[in-house]
Amino acid sequence: MSLHAIAYCSRAVAGLALHQVDDLAKDAAAHNLIAGVTGVLLTDGNRFLQYLEGPEEGVRLAYARIINSRSHMDMVELGRSSGGPRRFPYWPMRWLPVEPEDLRIAIVSDWRGLAFRREVDIDQVPTGIERAAELVNPFIGQEPHG
């Protein structure tokens with residue numbers, strides 16, 4: 001089974017509270033668990049950056065639900081790929097709070113092909129997926145929100 005991945009960013013609708021984001025993530029986790037999809041939703045309260053990975057059909061179904069969601073707008077796909085290892089196998093879906101500037105930097109990073117280098121030269125600019133991983137790492141092993 002080939003692993004497929006999609007990353008996108010969007011803007012939260014006006015008035016979307018963090019407890020609603022928590023409810024959305026719990027609902028997504030329930031669906032993703034059945035579909036074999038894992039991922040993370042990063043938010044600064046106004047914008048989202050989400051990364052999904054799993055079997056092609058599972059990712060397709062999860063992404064279709066996201067596209068049709070009324071909780072966000074101005075959705076922009078940042079990248080997609082097939083093959084490679086699972087990068088966030090920890091949760092069927094989990095949302096994490098991030099600082100606005102950290103989220104902005106991750107969004108504008110290079111997401112082409114969701115490149116994730118095994119060895120990073122300190123002179124290389126981190127890719128989008130590497131920046132997302134940096135933001136997620138402090139939360140690994142912690143209990144989810146809610």
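Located above this text is the structure these notes cover.
Attention in this report is confined to the structure presented alongside it. Every value quoted in this text rests on a predicted model; they were computed, and no experiment measured them.

Now for unusual backbone geometry. Despite not being glycine, Asp74 has its phi angle at roughly 55°, a positive value. Here Asp74 shows up in strand β4 (residues 72–82). On the accessibility criterion, Asp74 (47% relative accessible area) is partly exposed.

A few words now on the nonpolar core. In this structure, Val40, Leu42, Leu49, Tyr51, Phe88 and Trp111 are the most contacted members of the largest nonpolar core, which totals 23 residues. Elements supplying a minimum of two residues to this core: β1 (3–12), β2 (38–43), β3 (47–55), α3 (100–108) and α4 (128–136). Looking at this core, the element that brings in the most residues is α4, giving five residues. For Tyr51, the residues in contact, after removing those within four places along its chain, are Ala5, Ile6, Ala7, Thr38, Gly39, Val40, Arg87, Phe88, Met93, Trp111, Leu114 and Ile129. Listed in part, the 18 residues of the second largest apolar core include Leu16, Val21, Ala62 and Met93.

Turning to the pattern of salt bridges, a few remarks are in order. For the structure on display, the rule yields eight salt bridges. The closest approach of N and O atoms between Lys26 and Asp22, which form a salt bridge, is 3.2 Å. You can see Lys26 and its partner Asp22 sitting in helix α1 (residues 18–35), four residues apart, about one turn around the helix. Judged by its relative accessible area of 9%, Asp22 is buried.

About the thresholds
Residues numbered from 1 in each chain as written. Predicted model: local features only at pLDDT ≥ 70, side-chain atom pairs only at ≥ 80, totals over all residues. Heavy atoms only, no water. Helix = DSSP H or I, 4+ residues; strand = E, 2+ residues; numbered from the N terminus. Buried < 20%, exposed > 50% of the residue type's maximum accessible area, 1.4 Å probe, protein only. Core = buried A, V, L, I, M, F, W, Y, C linked by side-chain atoms within 4.5 Å. Contact = heavy atoms within 4.5 Å. Salt bridge = Lys/Arg side-chain N within 4 Å of Asp/Glu carboxyl O.

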